[in-house]
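Observations on the three-dimensional arrangement
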Amino acid sequence: NSRTVSLLSQLEKINLDSVLGESDHARHVTSKILHLVQSQEKTRKEITSKGSTGIEIILSTLEVIFFNFHGYGLIALLHFIIMKYIYLLLYVYCGGRRASVLVTKGGTHILLQLLLTASKDSPPNEEVMVLLHTLLAKIGPKDKKIGMKARINGALNISLNLVKHNLQNHRLLLPCLQVLRVYSTNSVNAVSLGKNGIVELMFKIIGPFSKRNTSLMKVALDTLAALLKSKTNARRAVDRGYVQVLLTIYVDWHHHDSRHRYMLIRKGVLQCIKSVTNIKLGRKAFIDANGMKILYNTSQECLAVRTLDPLVNTSSLIMRKCFPKNRLPLPTIKSAFHFQLPVIPASGPVAQLYNLPPDVDDVVDESDDNDDAETESEIETEIDDDKDQHCKNDDIETDINKLKPRQELGRSIEELKMYEQFFPELSENFQEWDLVSKEPKPFIPDTNLSGPIVVPTAGEE
């Protein structure tokens, strides 16, 4: 009965018998709906209410446009309609629960299809690309399988190519990096993007201290930290000497950020270093680049400021992870205590350990010996992911009786009966006879302790 319902009904009718000539009518109806949503809170609530079909109509309209016009490409007339709908979705459905509703209705798949179609234009329309990536970045965290959907639809390389060709166009670069950050949480996507050169690309974006485009720097560091969690990408970064670059960038931001306004950027650099040092090569490169001294000195300077505690904590984790490990007893200067063995043989493994120089790690680090196998396991199939999500873990015991610890007696029951005479209250059946029914009734002790307590004197029984 409202104007909004009437406009949505017209839009649904256009979807049923849509042809290329009716795109003007669709544009007109969409403009009216967008104007009502932007100007009236009542209309926005009406479209997003529980029983409303507004989101289904909007998504079906986008789907109709895709299926009917993808052969022609997104011509100029359709650009306007697409942007109106995306504005409408951004304005209405990108806040918390509403974003989840958009995902459950299949909005992610439709947006990825539109992205694929829009990329066929030469050159792609910048406004459409910015809006599509902005919307995908907002609903991406609500869709756990957006990485898989993007890879299947071929959207990974679309966003990556836009970043490659628009390094100076920060308006388009920022939403593309936000989407890549969401994609990189999937391990398979991280490996695929790394093979296409995204790690080298990120180091062209991040750089020394600058007050310009700090939001872009933050998003780029978060994306790089997610990518470097893959051991394949971490090895690629180590091989190209990027560990030294990250330390240099961190020191530069530390020295120039005297008012501590860019703590999140400094923490982003540390997160990248933390991801790289998850592998043995990364830890060795960190030590060779004098990273222990750099992080120790910068952490000492941050101790006086409580708001910089996250930097100190992250630096401590990195230093503890990378510090050389030694067995006890430690005969070197690295230990505060000296443990001297009573007898040290002249030859053998103990003597070899004692003869090592002080800065040698005498504990063999075998954490990365199976890197190739782990790299192969990263390329997992999505079918296995689905099985893991929908199947219960059979190894988890659910029987409470089996989970209770079984108490074993130190002696058998027959041996313990010899003590029965000393503790009659444990075995005697304390009952008294009911004089009316002439049957035993259970003994109920008197719990009323409010009366006086009489202590027997000596000689009383």
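For the structure itself, consult the block above.
A quick note: this is a predicted structure, and the numbers were derived from the prediction, not measured.

Section: the side chain of Arg-236
- Its place among the elements puts Arg-236 in helix α15 (residues 231-239).
- Engagement of the side chain of Arg-236 in a polar contact is seen with the backbone oxygen of Gly-194, the distance being 3.5 Å.
- Every residue in contact with Arg-236, bar those within four places of it in the chain, is listed here: Gly-194, Lys-195 and Glu-200.

Some words on unusual backbone geometry
- Notably, Asn-213 is not glycine yet its phi reads approximately 55°, a positive angle.
- If you trace the backbone, Asn-213 turns up in the loop between α13 (198-205) and α14 (214-227).
- A relative accessible area of 34% means that Asn-213 is categorised as partly exposed.
- Positive phi values are uncommon outside glycine, yet Asn-290 reaches one of about 65°.
- Within the fold, Asn-290 resides in the loop between α18 (280-288) and α19 (291-302).

Examining the pattern of salt bridges
- This structure, assessed with the given rule, holds 9 salt bridges.
- Two residues, Glu-126 and Arg-171, come together in a salt bridge whose shortest N-O distance is 3.3 Å. Separated by 45 residues along the polypeptide, Glu-126 in helix α8 (residues 126-139) and Arg-171 in helix α11 (residues 170-183) bring together distant segments of the chain.
- Glu-126 gets classed as partly exposed once you look at its relative accessible area, which sits at 33%.

Rules of the game
- Residues numbered from 1 in each chain as written.
- Predicted model: local features only at pLDDT ≥ 70, side-chain atom pairs only at ≥ 80, totals over all residues.
- Heavy atoms only, no water.
- Helix = DSSP H or I, 4+ residues; strand = E, 2+ residues; numbered from the N terminus.
- Polar contact = N/O pair within 3.5 Å; in protein donor to acceptor, adjacent residues only side chain to side chain.
- Contact = heavy atoms within 4.5 Å.
- Buried < 20%, exposed > 50% of the residue type's maximum accessible area, 1.4 Å probe, protein only.
- Salt bridge = Lys/Arg side-chain N within 4 Å of Asp/Glu carboxyl O.

Coordinates in, geometry out; function isn't part of it.
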